[in-house]
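# A look at the structure
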2 protein chains.
Amino acid sequence: MSDSEEKLAPLFTPPYYAVIFASKQTDVAEGYAEVAVRMVELAAQQPGFLGVDSARENIGITVSYWRDIDAIKAWKAQAEHKQAQRKGKLNWYQHFTMRIAKVEREYDFTR
Amino acid sequence: MSDSEEKLAPLFTPPYYAVIFASKQTDVAEGYAEVAVRMVELAAQQPGFLGVDSARENIGITVSYWRDIDAIKAWKAQAEHKQAQRKGKLNWYQHFTMRIAKVEREYDFTR
């Protein structure tokens, strides 16, 4: 685990925004993994995208970081992303919650 | 996966706060799991605790939800939690980030 290449998103400079997306999937996994990878690639190309942390165990949690609310709105409305959102509701998600939150403080620790 | 009993934290009523904790662990796992479970139990007894979502894959992400900043400060200073924080830095965490963010908007979807 600790030698995985996956890195944490670095700290940025508050204030900025976090989109906290938590999900329970259905039993339908077909097509999900490639769309998930593609959405991270596509988000990273959006103006105002800062970074993302993601993990899936019994539930999935993806936290993406954005410069401001307008950047989040533009990403929500992006055409290919809207198509993925529709597929998610049709096929892949049993339940999800999404929260938009303004980051006020941040800390980190490195051994 | 979808038949797991683990549920997502429900929505609350903004504004409230999220503590977004992302971590990379060391190779030392001894003692971690029981302390992690105990900390969730203990947090749930704190005034102002609303809920928590957690997943661990290559990285761990735990998002806990709190009524206000004072509730987060009190939890940070709680004696048994402070001891766990020390053990985490000594033994279990290679790197972590923690962000305190004010939840402004929220949505959910249920199939």
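In short, a report on the structure. (Residues numbered from 1 in each chain as written. Chains lettered and ligands numbered in written order. Predicted model: local features only at pLDDT ≥ 70, side-chain atom pairs only at ≥ 80, totals over all residues. Heavy atoms only, no water.)

### Quick look at the overall build of chain A
On a plain count of helices and strands, chain A comes out with three helices and four strands. The order of α-helices and β-strands along chain A, N terminus first, is β-α-β-β-α-α-β. Put simply, chain A has 111 residues, and 48% of those count as buried. When contacts within chain A are restricted to residue pairs at least 6 apart in sequence, long-range pairs at least 24 apart make up 77% of them. When the accessible surface of chain A is totalled, it reaches about 5900 Å², and 53% of it is carbon and sulfur. Seen as two clouds, the 15 positive and the 15 negative side-chain charges of chain A have centres 8 Å apart. (Helix = DSSP H or I, 4+ residues; strand = E, 2+ residues; numbered from the N terminus. Buried < 20%, exposed > 50% of the residue type's maximum accessible area, 1.4 Å probe, protein only. Contact = heavy atoms within 4.5 Å. Areas by Shrake-Rupley, 256 points an atom, 1.4 Å probe, with all protein chains shown as cover. Lys, Arg positive; Asp, Glu negative; His and termini not counted. Charge placed at Lys NZ, Arg CZ, Asp CG, Glu CD.)

### Thoughts on helix 1 (residues 32-44) of chain B
Residue and element names in this part refer to chain B. The end-to-end C-alpha distance of helix 1, which contains 13 residues, comes to 18 Å, matching closely the 18 Å that a straight helix rising 1.5 Å per residue would cover. Considered for burial, the residues of helix 1 that qualify are Tyr 32, Val 35, Met 39, Leu 42 and Ala 43. Down the axis of helix 1, the smallest arc covering the buried residues is 95°, so these residues share one side. Those residues of helix 1 that are exposed and angled more than 90 degrees off the buried face are Ala 33, Glu 34 and Val 37. Elements in contact with the buried residues of helix 1: strand 1 (16-25), strand 2 (49-56), strand 3 (60-66), helix 2 (69-77), helix 3 (79-92) and strand 4 (93-110). (Expected span 1.5 Å × (residues − 1). Arc of directions from axis to C-beta.)

### Observations concerning the interface of chain A and chain B
You'll often see interface size given as the accessible area lost when the parts meet. Listed per partner, the contact involves 56 residues of chain A and 56 residues of chain B. Interface area, chain A with chain B, both sides summed: about 5200 Å², of which 55% is carbon and sulfur. At the boundary of chain A with chain B, the tally comes to two salt bridges. Of all the elements in the fold, those that place two or more residues in the side of chain A that touches chain B are strand 1 (16-25), strand 2 (49-56), strand 3 (60-66), helix 2 (69-77), helix 3 (79-92) and strand 4 (93-110) of chain A. Taken together, the residues of the side of chain A that touches chain B sort by class into 27 nonpolar, 13 polar and 16 charged. Where strand 4 of chain A meets strand 4 of chain B, 15 bridges bridge the pair, whose relative direction is antiparallel. Counterpart to Phe 109 of chain A in the pairing with strand 4 of chain B is Phe 96 of chain B. (Buried area = accessible area lost by both parts, 1.4 Å probe. Salt bridge = Lys/Arg side-chain N within 4 Å of Asp/Glu carboxyl O. Nonpolar A, V, L, I, M, F, W, Y, C, P; charged D, E, K, R; others polar. Pairing = 2+ DSSP bridges.)

### Considering the sheet that holds strand 1 of chain A
Strand order in the open sheet made by the eight strands is 2(A)-3(A)-1(A)-4(A)-4(B)-1(B)-3(B)-2(B), with antiparallel pairing throughout. Lying at the two open borders of the sheet, with one neighbouring strand each, are strand 2 of chain A together with strand 2 of chain B. With direction set aside, neighbouring strand axes in the sheet form an average angle of 25°. The sheet strands contacting helix 1 (residues 32-44) of chain A are strand 1, strand 2, strand 3 and strand 4 of chain A, and the helix crosses strand 2 of chain A at an angle near 160°. Across the sheet, helix 3 of chain B touches strand 4 of chain A together with strand 1 and strand 4 of chain B, and the angle it forms with strand 4 of chain B is around 120°. (Axes fitted to C-alpha atoms, helices over the stretch in contact; angles between N-to-C directions.)

### Remarks on helix 3 of chain B
In a regular helix each residue adds 1.5 Å, so 14 residues correspond to 20 Å; helix 3 of chain B covers 19 Å between its end C-alpha atoms and thus fits that length. A side-chain oxygen of the first residue of helix 3 of chain B lies 2.9 Å from the backbone nitrogen of Glu 80 of chain B; this N-cap is Gln 78 of chain B. (Polar contact = N/O pair within 3.5 Å; in protein donor to acceptor, adjacent residues only side chain to side chain.)

### Examining a positive patch on the surface
Together, Lys 73, Lys 76, Lys 82, Arg 86 and Lys 89 of chain A together with Arg 105 of chain B make up a region of like positive charge exposed at the surface. Per-element tally for the positive patch: the top contributor is helix 3 of chain A, with three residues. As for its position among the elements, Arg 86 of chain A is in helix 3. (Patch = residues over 30% accessible without salt bridge, like charges linked within 9 Å, V, L, I, M, F, W, Y side chains within 5 Å.)

Shape descriptors only; they carry no functional weight alone.
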